[in-house]
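Reading the structure
Below are the chains, spelled out letter by letter.
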Amino acid sequence: MSTHPDLVVSARGLSVVLGGRPILRRVDLDVRRGEFVALMGANGSGKSTLVRALTGLRPVAAGEVRLFDTPLDRFHERQRLGFVPQRPGAGGGVPASVWEVVSSGRLTRRRWLRPFGSADRTAIRAALDVVGLADRVGDSVSTLSGGQQQRVLIARALAGEPELLFLDEPTAGVDLPNQVALADALGILKSRGATIVLVAHELGPLAPLIDRAVVMRDGRVAYDGPALDDHAVHGPLFGDSHTHHHHATDTGAPHAPRVAAPLDTAEEGS
Ligand SMILES: Nc1ncnc2c1ncn2[C@@H]1O[C@H](COP(=O)(O)OP(=O)(O)OP(=O)(O)O)[C@@H](O)[C@H]1O
């Protein structure tokens, strides 16, 4: 059934249970082609789990995920996806060079057992240029700063020329110049029409790129609407209290912010 060709990501009633605990509770999320969505929320609210469930890295307990209008379990075009994981473990003691790590992002596009062709090398070099590491290709990733390592991972994702890119907290622990470099890189990707879903605590230099913010709380979507400034994000929506603030809308208008229903209405069976 191909009903929403413009929906690059679509989750309906998505629930994930880890270690017997419900971590995501009936999450609905749509991301349209070319959108740049910031996924925000307090520690433990389920952002990473959501990104992983959307990419097939976490089992779905209930509900449905579609990527490019295809159910996740029938989605095989992995080369259309990019995923930049959280940094810890990224360079992880593996003595790989910048070139090796970035070129590994090209593997999904490469024919089995074929050497890299010129299109591959061009994409790898372009990705290195975008993140400003073209002069470091021979360096071991472990010798780079945290922010530079993050940029290596981003270059790896860019090398695959993804149509849909997920990034999990790419700015965490990254200094401002590296955040600006990251924002520039993502701005270029966005201008090429890519769809981007990014987990972040603070938007910083990324803020101007963000089309929409989705704020998670306790495994649910607490807010879905226009991007919030970092100030607002650290306000009530991030608190642990179960009070709800923003004015709930019942218009269902596409760009009206969506604020979650009271917590007790959508409880999930275990
Ligand atoms: N593999 C797992 N097994 C059991 N519980 C898990 C697992 N992974 C995550 N959790 C729990 O799920 C909840 C949500 O975690 P998740 O990492 O998705 O949150 P987050 O919003 O990304 O947080 P952070 O900002 O700290 O990364 C947390 O309570 C976490 O302890």
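Residues numbered from 1 in each chain as written. Predicted model: local features only at pLDDT ≥ 70, side-chain atom pairs only at ≥ 80, totals over all residues.

Going by an unreviewed UniProt entry, the protein chain carries the name ABC transporter and comes from Nocardioides phosphati.

Some words on unusual backbone geometry
Trans peptide bonds make up most of the peptide bonds, and negative phi angles are found at most residues other than glycine. Convention followed: Put simply, DSSP H or I for four residues or longer makes a helix, DSSP E for two residues or longer makes a strand, and each gets a number counted from the N terminus. Here exposure depends only on C-beta density: within 10 Å of a residue's C-beta, 20 or more other C-beta atoms make it buried, 12 or fewer make it exposed, and intermediate numbers make it partly exposed, the C-beta atoms being placed from the backbone.
The phi torsion at Phe68 lies on the positive side, around 50 degrees, for a residue other than glycine. Positionally, Phe68 belongs in the loop between strand 4 (62–67) and strand 5 (70–71). With 19 C-beta atoms packed within 10 Å, Phe68 lands in the partly exposed category. Look at Glu169: it is not a glycine, yet its phi comes out positive at around 50 degrees.

Considering helix 1 (residues 47–54)
Most of helix 1 is tucked away, with 7 of its 8 residues classed as buried. Restricting attention to buried positions, one finds in helix 1 the residues Lys47, Ser48, Thr49, Leu50, Val51, Ala53 and Leu54.

Regarding helix 5 (residues 176–191)
Stated formally: Helix span is expected to be 1.5 Å times the residue number reduced by one. The arc refers to the directions leading from the helix axis to the C-beta atoms. A residue pair is marked as a contact if its C-beta atoms, positioned from the backbone, fall within 7 Å.
Under the 1.5 Å per step criterion, the end-to-end length of helix 5 is 22 Å for 16 residues, consistent within 8% with the ideal 22 Å. Within helix 5, the full set of buried residues consists of Asn178, Ala181, Leu182, Ala185, Leu186 and Leu189. The buried residues of helix 5 occupy an angular sector of 130 degrees when the element is viewed end-on, so they sit on one face. Exposed and facing more than 90 degrees away from the buried side of helix 5 are Leu176, Pro177 and Ser191. Check the buried side of helix 5 and you find it contacts helix 3 (118–130), helix 4 (146–159), strand 7 (164–168) and strand 8 (195–199). Just past helix 5, the residue Gly193 takes up positive phi, approximately 100 degrees.

Some remarks on the site of the ligand
As a reminder of what qualifies: Residues are counted as near a molecule or strand when the C-beta atom, derived from backbone positions, lies within 6 Å of that molecule or strand. Here the nonpolar group is Ala, Val, Leu, Ile, Met, Phe, Trp, Tyr, Cys and Pro; Asp, Glu, Lys and Arg are the charged ones; every other residue, Gly included, is treated as polar.
In the neighbourhood of the ligand, the contacting residues comprise Leu18, Gly19, Arg21, Ile23, Gly41, Asn43, Gly44, Ser45, Gly46, Lys47, Ser48 and Thr49. Of all the secondary structure elements, the ones that give two or more residues to the shell around the ligand are strand 2 (21–32) and helix 1. Residue contributions to the shell around the ligand peak at 3 residues, all from helix 1. Partitioning the shell around the ligand into residue classes produces 2 nonpolar, 8 polar and 2 charged.

Overview of the pairing of strand 8
What counts is decided by this rule: The criterion for strand pairing is that DSSP finds at least two bridges linking the strands in question. We call a crossover right-handed when, viewed with the strands running away from us, the connection from the first strand over the helix to the second turns clockwise.
The buried count for strand 8 comes to 5 of 5 residues, which makes it a mostly enclosed element. Going residue by residue along strand 8, you find Thr195, Val197 and Val199 tucked away on one face and Ile196 and Leu198 tucked away on the opposite face as well. Of the strand pairs in this sheet, strand 3 (residues 36–41) and strand 8 are connected by 4 bridges, and their pairing is parallel. Each residue of the ladder has a partner; that of Ala38, found in strand 8, is Leu198. Examined bridge by bridge, strand 7 and strand 8 share 5 bridges and lie parallel to one another. Looking at strand 8, one finds that Asp168 is bridged to Val199. Once the chain exits strand 7 it traverses helix 5 before rejoining the sheet at strand 8, and the crossover so formed is right-handed.

Regarding the sheet that holds strand 1 (residues 7–18)
Operational definition: Note on definitions: angles span 0 to 180 degrees between N-to-C directions of axes, and those axes are lines fitted to C-alpha atoms, for helices only across the stretch in contact.
Taken in spatial order, the 4 strands line up as 2-1-4-5 in an open sheet, and their pairing is antiparallel. Taken across any chain shown, the strands that pair with only one partner, and hence form the sheet edges, are strand 2 and strand 5. Across the sheet, helix 1 is in contact with strand 1, strand 2 and strand 4; its angle to strand 1 comes to roughly 120 degrees.

Some details on the environment of Leu165
Examined against the element boundaries, Leu165 turns out to sit in strand 7. Considering only alpha carbons, one finds Leu165 and Arg136, 29 residues apart in sequence, at a separation of 24 Å. Setting aside its immediate chain neighbours within four residues, Leu165 contacts Gly82, Ala157, Leu189, Ala194 and Ile196.

Concerning the packing of helix 3 against helix 4
Between two packed helices, both the angle of their axes relative to each other and the distance between the axes serve to describe the pair. The criterion, for reference: Crossings are classed by handedness, with left-handed meaning an anticlockwise turn of the near helix from the far one by less than a right angle and right-handed meaning a clockwise turn.
Running from N to C, helix 3 and helix 4 cross one another at 145 degrees; their axes reach a closest spacing of 8 Å. Where helix 3 crosses over helix 4, the two elements pack in a sense that is right-handed. Mapping the contact onto sequence places Ala123, Ile124, Ala127, Leu128 and Val130 in helix 3 and Ala155, Leu158 and Ala159 in helix 4.

Describing the environment of Val65
Considering the arrangement of structural elements, one finds Val65 in strand 4. Residue class for Val65 comes out buried when judged on the 22 C-beta atoms lying within 10 Å of it. Considered as a pair, Val65 and Ser191 are 126 residues apart in the sequence and their alpha carbons are 26 Å apart.

Quick look at the confidence of the model for the protein chain
As a reminder, the rule being used: Summary of the metric used: pLDDT quantifies the predictor's per-residue confidence within the range 0 to 100.
Across the protein chain, the average pLDDT comes to 81, with 77% of residues at or above 70. The model gives residues 240–255 a pLDDT under 50, and that stretch makes 11 contacts with residues more than four places away or in other chains. When the criterion is pLDDT under 50, residues 261–270 qualifies, and its contacts beyond four places in sequence or with other chains add up to 9 contacts. Among the prediction metrics, the complex's ipTM stands at 0.94, with pTM recorded as 0.81.

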